[in-house]
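These are the residues of each chain, in order.
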Amino acid sequence: MSYDLPFRHRQALDPSGLDSIGACLHALQAAAKDCRNAGTPFETDPAVVLLAQHLGTIACRSFPDRAALRDLCAAELSELDRQPVLALLARRGVAYDEEAKRLFHSAARKALRDLAQHFALTPPDYDLRVNAGGIAVSGEVTLHSDLVYVQVSIGSYGGHEILYRSVRGRDDFCGGRNHFARIDALLEPTRFAARIAADLGLELPARDQLALVA
């Protein structure tokens, strides 16, 4: 393998071609690789520091008003707080994004556990399974009790991320007719449990029936 170890120093001394944040980040990543190849510390390498300073200059040139940037960040953070993570992930997708996929599995497990409570199910009463699938798919998270089967998968079922059906025990993987719902249904588990119960002919606990009336 051939290394061009002096290149980062030449680029740091004349960064005129680095005129965007993306170009600067690419140069910094390449410089970090050069440091590893040369066996020198990245944090104290003079070329890296110069390139980092140039990145700051380009960023300030593009967005000079720091206070406005902080306001925009705060506004976007507030908006994200109002958008449940499952809805956000369903909209953007998680294919080829391992971190987003792990977050989807975690959030879907929690949502299905919450849903199970509305059927008065405790963990011994149901199985909660994750099929990770390959990198091009979200995989599935499945709640499977003796009476109901609910599966969540992003990018499946023609834009409806939730499949649910009746079953006769936890060994029944075919069950009754499939029903579908969008991911937003999980954000209101009381109403979604009532919808599932109505579609599948199941009984809801009395407390959930009262909650729907209230």
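Because the structure is a prediction, the values reported are computed rather than measured. Numbering of residues starts from 1 in each chain and follows the order in which that chain's sequence is written. A pLDDT threshold of at least 70 governs which residues receive local features in this predicted model, and a stricter bar of 80 or more applies before side-chain atom pairs are shown or counted, although totals over entire chains, interfaces and linings include all residues. Note: side-chain values were computed over all heavy atoms of the structure, leaving out hydrogens and water.

Looking at the side chain of aspartate 172
Item 1. A run of DSSP states H or I qualifies as a helix once it reaches four residues; a run of E qualifies as a strand once it reaches two. Both are numbered from the N-terminal end. Counting through the fold element by element, aspartate 172 comes out in the loop between β4 (162–166) and β5 (179–181).
Item 2. Here aspartate 172 occupies a buried position and makes no salt bridge, while the nearest side chain of opposite charge, arginine 168, is found at 5.9 Å.
Item 3. One polar contact links the side chain of aspartate 172 to the main-chain amide nitrogen of cysteine 174, over a distance of 3.0 Å.
Item 4. We call two residues in contact when some of their heavy atoms are within 4.5 Å. Discounting residues that sit within four places of it in the chain, aspartate 172 has contacts with His144 and Val167. Exposure classes here rest on a 1.4 Å probe applied to the protein chains alone. A residue is buried below 20% of its type maximum, exposed above 50%, and partly exposed in between. Under this rule, positive means Lys or Arg and negative means Asp or Glu; His and the chain ends count for nothing. The working definition used for a salt bridge is a side-chain nitrogen of Lys or Arg within 4 Å of a carboxyl oxygen of Asp or Glu. Whenever a nitrogen or oxygen atom comes within 3.5 Å of another N or O atom, the pair is scored as a polar contact, on the condition that within protein one atom can donate a hydrogen and the other can accept it, and that pairs from neighbouring residues in sequence are kept only if both atoms are in side chains.

Some details on the confidence of the model for the chain
Item 1. On average, the chain scores 88 in pLDDT, and the residues at 70 or more come to 91%.
Item 2. Confidence of the prediction at every residue is given by pLDDT, a number between 0 and 100. Of all the helices and strands in the chain, helix α8 (residues 206–213) carries the lowest mean pLDDT, 53, while strand β3 (residues 148–152) carries the highest, 97.

Focus on a nonpolar patch on the surface
Item 1. Residues enter patches when their relative accessible area tops 30% and they take part in no salt bridge; the joining distance is 9 Å for like charges and 5 Å for the nonpolar side chains Val, Leu, Ile, Met, Phe, Trp and Tyr. Note on areas: Shrake-Rupley, 1.4 Å probe, and residue coverage restricted to the protein chains presented here. On the surface, Ile21, Leu25, Phe63, Leu69 and Leu72 cluster together into a nonpolar patch covering about 430 Å² of accessible area.
Item 2. Those elements that place two or more of their residues in the nonpolar patch are α2 (21–38) and α4 (66–82).
Item 3. Tracing the sequence through the fold places phenylalanine 63 in the loop between α3 (46–62) and α4.

Looking at helix α7 (residues 189–200)
Item 1. To estimate how far a helix should reach, multiply one less than its number of residues by 1.5 Å. A rise of 1.5 Å per residue sets the reference length of α7, with its 12 residues, at 16 Å; its end C-alpha atoms lie 16 Å apart and thus fit the reference within 8%.
Item 2. Residues Phe192, Ala193, Ala194, Ile196, Ala197 and Leu200 constitute the buried set of α7.
Item 3. Among the residues trailing α7, glycine 201 stands out with phi positive, at a value near 70°.

A short note on the pattern of salt bridges
As a working rule, side chains carrying opposite charge can pair if their charged atoms are close by.
Item 1. Throughout the structure, instances matching the rule amount to seven salt bridges.
Item 2. The partner of arginine 8 in a salt bridge is aspartate 45, and the shortest N-O contact between them spans 2.9 Å. Of the two residues, arginine 8 is situated in helix α1 (residues 7–13) and aspartate 45 in the loop between α2 and α3; the sequence distance between them amounts to 37 residues.
Item 3. We classify arginine 8 as buried; its relative accessible area is 4%.
Item 4. Between aspartate 127 and arginine 170 there is a salt bridge whose closest N-O contact spans 3.3 Å. Note that aspartate 127 is positioned in strand β1 (residues 126–131) and arginine 170 in the loop between β4 and β5, a separation of 43 residues in sequence.
Item 5. Residue aspartate 127 is classed as partly exposed on the basis of its relative accessible area, which comes to 28%.
Item 6. When its relative accessible area of 23% is taken as the criterion, arginine 170 is described as partly exposed.

Here's the deal with the pairing of β3
Along any regular strand, the residues point their side chains to alternate faces of the sheet.
Item 1. Among the five residues of β3, five are classified as buried, and the element is accordingly described as predominantly covered.
Item 2. As paired elements, strand β2 (residues 140–145) and β3 share four bridges and run antiparallel to each other. For valine 141, the partnering residue across the bridge sits in β3 and is valine 152.
Item 3. If you look at the hairpin formed by β2 and β3, you'll find two residues sitting between the two strands.
Item 4. One bridge is not enough; two strands pair if DSSP finds at least two bridges between them. The pairing of β3 with β4 spans five bridges and is antiparallel. What sits directly across from glutamine 151, in β4, is leucine 163.

Things to note about the sheet that holds β4
Item 1. In spatial order, the strands read β1-β2-β3-β4-β5; together these five strands make up an open sheet with antiparallel pairing. Strands with a single pairing partner mark the edges of an open sheet, and in this sheet they are β1 and β5. Taken pair by pair, the neighbouring strands of this sheet meet at an average axis angle of 15°, ignoring direction.
Item 2. One ladder, built from six bridges, connects β1 with β2; its direction is antiparallel. For asparagine 131, the partnering residue across the bridge sits in β2 and is glutamate 140.
Item 3. Here the axes come from fitting lines to C-alpha atoms, over the contacting stretch only for helices, and the angles between their N-to-C directions go from 0 to 180 degrees. The strands touched by α7 within the sheet are β3, β4 and β5, with β4 carrying the most contacts at an inclination of about 45°.

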